[in-house]
Amino acid sequence: MMLQKLAAEGLGTALLLIGVIGSGIMGETLADGNVAIALLANAIATGCMLYVIITVLGPISGAHFNPAVTLAFWLRGDIAPRMALAYVCVQIAGGILGVWATHAMFDQPILQTSATLHRTGLAQWWSEVVATFGLLFVIFGGLKSRPEVVPTLVALYITGAYWFTSSTSFANPAVTIARGFSDTFAGIYPGHIAAFILCQLGATVIAHAALQKLFR
């Protein structure tokens, strides 16, 4: 059972990164310099992939695909520390493998590091706090009210958050790390990853404290 859950988490995170990176490459290629169109393609494809993987793999592993989500469930006492750590490891590994698989699909060098330098600064760090808090609000609020629609809620939230956050809503440490390995539209310079992750994890702790009371 544990191996099945870990396989689901790794595969799901890999597919998520395939959706993020692949649609970024395709969108940028076809948009002919129109960044808004490229971002729209990136957001829609990511939202679609999220709906699919959460629906299909949720019954197996809970469909975290995100160390911040795993941390939140651990803080709630819903997952054991050892399992939580294993989830995080396979999420990170799965994300990187998903990036490499996408590079192969688009005939790009498999091993890359991102040179995207604009994803930093106070506005973007605060954006990641808001984005991560909002994601956890959607997940735990959905679980409290209508668990069956959580895949739709998460997909809609992330699709929208691509547009209403200045950082385009990474809201996921595994995704943030993996995107550092892709010098494409969806990449992030490796030197800017740590600040994003600190903001995401900080937002998770804040969300746990606040949402426990709200959805008690």
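Residues numbered from 1 in each chain as written. Predicted model: local features only at pLDDT ≥ 70, side-chain atom pairs only at ≥ 80, totals over all residues. Heavy atoms only, no water.

A. Looking closely at unusual backbone geometry. A positive phi angle, near 65 degrees, is found at Thr-168, a position not held by glycine. With respect to the secondary-structure elements, Thr-168 resides in the loop between α6 (150-164) and α7 (173-179). A positive phi is found at Ala-171, a non-glycine position, where the angle reads about 55 degrees. Among the secondary structure elements, Ala-171 is positioned in the loop between α6 and α7. What makes Ala-171 buried here is its relative accessible area of 1%. (Helix = DSSP H or I, 4+ residues; strand = E, 2+ residues; numbered from the N terminus. Buried < 20%, exposed > 50% of the residue type's maximum accessible area, 1.4 Å probe, protein only.)

B. Focus on the nonpolar core. Grouped together as the largest cluster of nonpolar side chains are 48 residues, with contacts concentrated most on Leu-50, Leu-135 and Val-154. When residues of this core are traced back to their parent elements, those giving at least two are α1 (2-31), α2 (35-61), α3 (67-75), α4 (81-105), α5 (122-145), α6, α7 and α8 (193-214). Once you skip the residues sitting within four places of it in the chain, Leu-135 turns out to touch Asn-66, Val-69, Val-154, Tyr-157, Ile-158 and Ala-171. Formed by five residues, the second largest nonpolar core is a distinct cluster that contains Phe-170, Ile-188, Ile-193 and Phe-196. (Core = buried A, V, L, I, M, F, W, Y, C linked by side-chain atoms within 4.5 Å. Contact = heavy atoms within 4.5 Å.)

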